[in-house]
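Read off the chains here:
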Amino acid sequence: MSKNRFYITTPIYYINDRPHIGHAYTTIVADVLARLNRIQGRDVTFLTGTDENSQKTVVAAEKSGESIDAYTNRLAVIWKETWQKLGISNTDFIRTTEERHRSVVEEIWKRINEKGDMYKGKYEGLYCKGHEAFMKESDLIDELCPDHKTKPERLVEENYFFRLSKYQHKLLEFYKSHPNFVVPESRFHEVKSFVQAGLDDLSISRETQKWGIPVPTDLKHVIYVWFDALINYISGIGMKQWEEHPADIQTVGKDIIRFHAIIWPAMLLSAGLPLPKQIVANGFFTVDNVKISKSLGNAIDPLSLAEKYGVDVLRYFLLREIPYGEDGNFSEEKLKERYNSDLANGLGNFTARVLTLAAKETFSEKEKVTEKVEFKIKETKAIVDEKIRQFKLHEALAHIWELLAFGDAYVNATQAWKREDKNVIFSLVTLLDNVAFLLQPFMPETAEKITKRIVWEGDALTIKPGDVLFPRHT
Ligand code: MSP
């Protein structure tokens, strides 16, 4: 049973604002993998949610003049609804203010404490609220956090510490025996060198803050938001389920890879829990070469793009344009270009061309797919499968489009419009049907639209040409 399960997560997002295109990207990637595994017959758990116990929440609630409860409830709904509107197929949504979360965090705190991996000590350091993390002087540029362009504050506190340093060798051993633990490989190298250089213990409580989960053994402190947040991956499914089947894939952005590939596994090792199988990290989008960020106020709303162009178009563009793992620059201009070339002219035209031809025919069980087309379909399926396993989603899509281009060339080479050979037209329909199959995880609505126009009833095939899939945009 457990073998057939597949558990995938996204980061849980801060709720100081609504989702922007960067968050949508990480979530869409997880959705593609969730859908693909579902198609392959696995029992998929797909978790996303909101990271609510951050100081950012307090500041944002104050700014909007709402109570924290009213604010967090309102924002959680916005995030949930955004994912619904973008067709995200998550099976649950975890909020870190939920009781089911708090109880698991307390349990894990106790386990780690009982293991002897916690101690109380004084902390002095520079804290960046944007990152919710301490920073080193050497990380700053002109005394400012280079990502958030804000000055970190100096904190001096009595905190609880987690003996992260103790796990250096265990982590290195784990990395060695799990060569695909972090994708892309370049990020894995960074993680390994960081751990090799030696780890500092981690401050995991805040004495000066009120908002958060109280330390169960010392109610004057609240638990450090990252320690709390990482545990969502367990609380979202339940401790027992995690013990039986930890996450298969955790999607994150490159900014939070250390939390997920170093701190998180160390916490799990300490608590005696199994580790996730794989952490995959996407690069960062920029707009006009500046990082998109809620704090910088240059966010792009994925919903307005989806309303204007369609959910599948947004999904296609993000997945096709930016090689997974690398940074990319977002521009609506480029989206329009791809819309017109790849979707309106490419997929849309081909679909119309093939279905218009095919609608003139009647097909029976006698029709055969030509060898040439059959070979190309098989070859494409194998490559697409391979590319997805390597997280080269943009290349997977490129190969589906290569199959389309092959189909177009085949129409021309065989002069299919003369309708001299029914097998040719039947082959083209089969090719289109396979394109739709391959597109399912990437563009679910479009795939369904195409599939519904190619109707098999027993051995008989009926074609129902429909509307233009992608009307031209100017
Ligand atoms: N709350 C933490 C995560 C806790 S997980 C236990 C957090 N939240 S966040 O709201 O800041 O968003 C994190 C993720 O959103 C990033 O890791 C990344 O996946 C995605 N992105 C945010 N901005 C992005 C871009 N500009 N580009 C691409 N992805 C981006 O960190």
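Conventions we followed
- Residues numbered from 1 in each chain as written.
- Predicted model: local features only at pLDDT ≥ 70, side-chain atom pairs only at ≥ 80, totals over all residues.
- Heavy atoms only, no water.
- Core = buried A, V, L, I, M, F, W, Y, C linked by side-chain atoms within 4.5 Å.
- Buried < 20%, exposed > 50% of the residue type's maximum accessible area, 1.4 Å probe, protein only.
- Helix = DSSP H or I, 4+ residues; strand = E, 2+ residues; numbered from the N terminus.
- Contact = heavy atoms within 4.5 Å.
- Near = heavy atom within 4 Å.
- Polar contact = N/O pair within 3.5 Å; in protein donor to acceptor, adjacent residues only side chain to side chain.
- Nonpolar A, V, L, I, M, F, W, Y, C, P; charged D, E, K, R; others polar.
- Domains from an automatic or database assignment.
- Buried area = accessible area lost by both parts, 1.4 Å probe.
- Salt bridge = Lys/Arg side-chain N within 4 Å of Asp/Glu carboxyl O.
- Phe/Tyr/Trp six-rings, centres within 6.5 Å; stacked < 30°, edge-to-face > 60°.
- Lys NZ or Arg CZ within 6 Å of the ring centre and 35° of its normal.

### What about the nonpolar core?
Core analysis: the biggest nonpolar cluster contains 93 residues, and L318, L319, I400, W401, L439, F442 and F470 have the highest contact counts within it. Here the element with the most residues in this core is helix 16 (residues 422-439); it accounts for 11 residues. Excluding residues that lie within four positions of it along the chain, L319 makes contacts with Y25, I28, V29, V32, L393, H394, L397 and F442.

### With respect to the site of the ligand
The environment of the ligand is formed by 25 residues, the closest being I12, T26, D51, D255 and F285. D51 places a side-chain nitrogen or oxygen 2.7 Å from a nitrogen atom of the ligand. Between the ligand and F285 there is a distance of 2.9 Å, counted from a nitrogen atom to a backbone nitrogen or oxygen. Listed by contribution, the elements that provide at least two residues to the shell around the ligand are strand 1 (5-14), helix 1 (21-39), helix 7 (225-230), helix 8 (232-235) and strand 12 (249-253). No other element matches strand 1, which puts four residues into the shell around the ligand. Residue composition of the shell around the ligand, by class: 13 nonpolar, nine polar and three charged.

### Here we look at the domain arrangement of the protein
You can read the domains of the protein as domain 1 (5-296) and domain 2 (332-463). Taking both partners together, domain 1 and domain 2 bury about 850 Å²; carbon and sulfur atoms supply 84% of that area. Where domain 1 meets domain 2, there are zero salt bridges. For the pair domain 1 and domain 2, the interface holds zero residue pairs in polar contact (both at pLDDT 80 or more).

### Things to note about the packing of aromatic side chains
Aromatic ring pairs are reported here in terms of the distance separating the ring centres and the angle at which the planes meet. Taken as a whole and assessed by the stated rule, the structure comprises 28 aromatic pairs. Each ring, one from Y127 and one from F134, has its centre 4.9 Å from the other, and the planes form 75 degrees; the classification is edge-to-face. Among the residues examined, Y127 registers a relative accessible area of 3% and is labelled buried. By the ring-pair criterion, three or more aromatic residues cluster together here, those being Y119, Y123, Y127, F134 and F161. Above the face of the F188 ring, K192 is positioned so that its terminal group lies 4.2 Å from the ring centre. The ring of F194 has R258 lying over it, and the distance from NZ or CZ to the ring centre is 3.8 Å.

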